[in-house]
Amino acid sequence: MQDQGAVDERLNMAFMALADPVRRSLIARLSRSSATVNELAEPFELTKQAISKHIQVLEHAGLITRTRDGQRRPCHLAPAALEELTSWIDGYRLAAEARFRQLDALLAGMSTATTQTRNTQTRNEEQS
């Protein structure tokens, strides 16, 4: 079992890293394929040094990894880190959905009870 403090720290770092729109764009780009710093920097009006700092933040948060391929140092998404984020979010989504299902059932029961009361009142009025 994982230490909850370590999990919380990883989640905090990942969400802080993803708070920046440039870093979210880098993650989106890396979701299509691995890329070097130069390739990642192309669509931005930022220096390669600025992109490198964003990459360092993402790497420190565990969202991406870097490998060496000869002279190239491509960046790759870290699927396990993204899975940890989606699992955390899904836990809250599922809890919210369960509450909404309970509310739907309660409202449906109230609607049925209201309809039955109206039908009873109509029958009583017809019999009078």
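Coordinates for the structure precede this section.
Each value, and the rule that gives it
- Residues numbered from 1 in each chain as written.
- Predicted model: local features only at pLDDT ≥ 70, side-chain atom pairs only at ≥ 80, totals over all residues.
- Heavy atoms only, no water.
- Helix = DSSP H or I, 4+ residues; strand = E, 2+ residues; numbered from the N terminus.
- Buried < 20%, exposed > 50% of the residue type's maximum accessible area, 1.4 Å probe, protein only.
- Contact = heavy atoms within 4.5 Å.
- Phe/Tyr/Trp six-rings, centres within 6.5 Å; stacked < 30°, edge-to-face > 60°.
- Salt bridge = Lys/Arg side-chain N within 4 Å of Asp/Glu carboxyl O.

**Q** Any details on the overall build of the chain? Residues and values, ideally.
**A** The helix and strand inventory of the chain stands at 5 helices and 2 strands. Going from the N terminus to the C terminus, the chain shows its helices and strands as α-α-α-α-β-β-α. Dimensions of the chain, computed from C-alpha atoms along their principal axes, come out at roughly 95 × 40 × 20 Å. Per-residue burial over the chain gives 23% buried out of 128 residues. Put simply, of all contacts in the chain between residues at least 6 apart along the chain, 49% involve residues at least 24 apart.

**Q** Report on the packing of aromatic side chains, specifying residues and quantitative values.
**A** Counted according to the given criterion, the structure contains 2 aromatic pairs. Ring-pair connections join several aromatic residues into one group, and the members of that group are Phe15, Trp88 and Tyr92.

**Q** Hey, could you go over the pattern of salt bridges for me, with residue numbers and the actual values?
**A** Enumeration according to the criterion identifies 3 salt bridges in this entry. Here arginine 10 and glutamate 84 are joined by a salt bridge, their closest N and O atoms 2.7 Å apart. Separated by 74 residues along the polypeptide, arginine 10 in helix H1 (residues 4-18) and glutamate 84 in helix H5 (residues 79-127) bring together distant segments of the chain. Judged by relative accessible area, arginine 10 falls into the partly exposed class, the value being 32%. For glutamate 97, the salt bridge identified is with arginine 93, shortest N-O distance 2.8 Å. Here arginine 93 and glutamate 97 lie together in helix H5, a separation of 4 residues that amounts to about one turn. Salt bridges here are not isolated pairs; linked through shared partners, they connect Asp90, Arg93 and Glu97.

Such coordinate-based values are descriptive only and should not be taken to indicate function.
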